[in-house]
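Geometric and topological summary
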Amino acid sequence: MESLILQLHDISAVKFGNFKLKSGTSSPIYIDLRLVVSYPHLLRQLSHTLISSLPPSTSYDLVCGVPYTALPIATSISTSTNVPMLLRRKEIKEYGTAKAIEGAFTPGQTCLVVEDLVTTGASVLETAAPLRAAGLRVSDAVAMIDREQGGGENLAENGIELHTAVTLSEMVKILNKRGRVSEEMKGLVLKFLAENQKVVPPKKVPRVRIGYGERAKMAKNPTGKRLLEVMVKKKSNLCLAADVATAAELLDIADKVGPEICLLKTHVDILPDFGPDFGSKLRLIADKHDFLIFEDRKFADIGNTVTMQYGGGIFHILDWADIVNAHIISGPGIVDGLKLKGLPRGRGLLLLAEMSSYGNLAKGDYTAAAMQIAEDHSDFVIGFISVNPASWPGGPRNPAFIHATPGVQMVKGADALGQQYNTIFCNM
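These numbers were taken from a predicted model, which means no experiment stands behind them.

**A few points about the sheet that holds strand β6 (residues 111-118)**
- Sheet architecture is open: six strands sit in the order β5-β4-β3-β6-β7-β8, paired in mixed fashion. In this open sheet, the two edge strands, each paired with only one partner strand, are β5 (101-102) and β8 (161-167).
- Here strand β7 (residues 140-146) runs beside β8; their pairing, made up of six bridges, is parallel. Bridge pairing links Ala-141 to Leu-162 in β8.
- Helix-sheet contacts for helix α2 (residues 40-52) involve β6, β7 and β8, and the interaxial angle to β7 is about 125 degrees.

**Details of the pairing of strand β10 (residues 263-266)**
- Side chains Leu-263 and Lys-265 project from β10 onto one buried face, and the interleaved Leu-264 and Thr-266 project onto a second face that is buried too.
- Relative to β10, strand β9 (residues 239-241) is paired through three bridges, and the arrangement is parallel. Bridged to Ala-241 within β10 is Lys-265.
- With respect to chirality, the unit in which β9 leads through helix α10 (residues 247-257) into the neighbouring parallel β10 is right-handed.
- As judged from the four bridges shared by β10 and strand β11 (residues 292-299), these two strands associate in the parallel manner. Looking at β11, one finds that Lys-265 is bridged to Phe-294.
- Handedness of the crossover joining β10 and β11 through helix α11 (residues 278-289) is recorded here as right-handed.

**Concerning the side chain of Asn-176**
- Here Asn-176 shows up in helix α6 (residues 168-177).
- A polar contact of 3.0 Å, which involves the side chain of Asn-176, links it to the backbone oxygen of Val-181.
- Contact partners of Asn-176, with chain neighbours within four places excluded, come to Val-181, Ser-182, Glu-183 and Lys-186.

**Details of the environment of Asp-255**
- Here Asp-255 lies in helix α10.
- For Asp-255, a relative accessible area of 33% corresponds to the partly exposed category.
- As for Asp-255 and Leu-284, which are separated by 29 residues in sequence, their C-alpha atoms are 9.7 Å apart.
- Apart from the residues within four sequence positions on either side, Asp-255 is in contact with Ile-285, Lys-288 and His-289.

Conventions adopted
- Residues numbered from 1 in each chain as written.
- Predicted model: local features only at pLDDT ≥ 70, side-chain atom pairs only at ≥ 80, totals over all residues.
- Heavy atoms only, no water.
- Pairing = 2+ DSSP bridges.
- Helix = DSSP H or I, 4+ residues; strand = E, 2+ residues; numbered from the N terminus.
- Contact = heavy atoms within 4.5 Å.
- Axes fitted to C-alpha atoms, helices over the stretch in contact; angles between N-to-C directions.
- Buried < 20%, exposed > 50% of the residue type's maximum accessible area, 1.4 Å probe, protein only.
- Right-handed = clockwise from strand over helix to strand, strands pointing away.
- Polar contact = N/O pair within 3.5 Å; in protein donor to acceptor, adjacent residues only side chain to side chain.

Note that all results are geometric; they support no functional claim without further evidence.
Put into structure tokens, the structure is as follows:
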């Protein structure tokens, strides 16, 4: 490491003086690693140092450099390790394929983001956003230098762990030790770093939107794929919660609104006139109007019990419902149990990651666990019941997952039992 730092100083990639940074702040030190492209031996050495900075447990299938300075570094890493590289377009062209990410990849693969220097982490997040939007996982980033100005903290808040080869203060101390920097300049730099270590939140990264058609191509589950395709066909993502008093009323409503909806949500266990032919009648209406059926059962028991509840009992939910949902309070075994019956029939599962009722406990670590279980079972889990997925660490990462929002009605408000409602209409 010491040798590399001295060589970077030799080629003036590390400069001392008075420099105005992009933020407008005056800094006594300036790092310009773009110069490394003219020194192939240094580029190879720097790339090797970055890979060596990663913990042995770090796993990735692809690398992507933050444009533009880190592109040659990522290229060197790719060619030396034989790990495929992706290219993120900083400016998306309006012609050709108009892609944000260039290269060969499969949704679900993990991509390592490569950067030269991290200040607030904004540039890394700007690269991670289109990668995640394309269905890739981004959980780690590696950089040569950490300017110690909050980048690691900001990235961690967005689900990315930062690994760096050296901090700026460590670099300055090495250069001082080797007589390249005076005590006075070392003091100026360390003082500057100490005064600018506050965490500066990066600018909000614009979300890259992907159409339902593209998301359907990413879906691993046939029901999730079909639901997205129905959204494209009907140009709607409307789900109707048919919480009515009788089965007869539910069937009547389903037939009337069927052409306009993509999904019908039921609570079959509240219907006093439920009969053994209910499921087949509803199934005929759904097929007639091309919508899917979601039984809002909220399974919550152990795997063996939910297996019997799903396929048997008096409701035989498995026979007529395309989609069911489940809490994860009992652990991933509940998904295994439902999957045992549902996957061979091509059914799909939504996990309750959040709820809209007052004082609910579906938040924080619970939501994070739901996200991980969904990723581990993406052949059966098609998405989440979620209230505000944009607030999750790293945001909604897999565009193949569907987010069903509860507690939506014509008028905003609440009931006497803690349910909180939002409306589809904006306040004027």
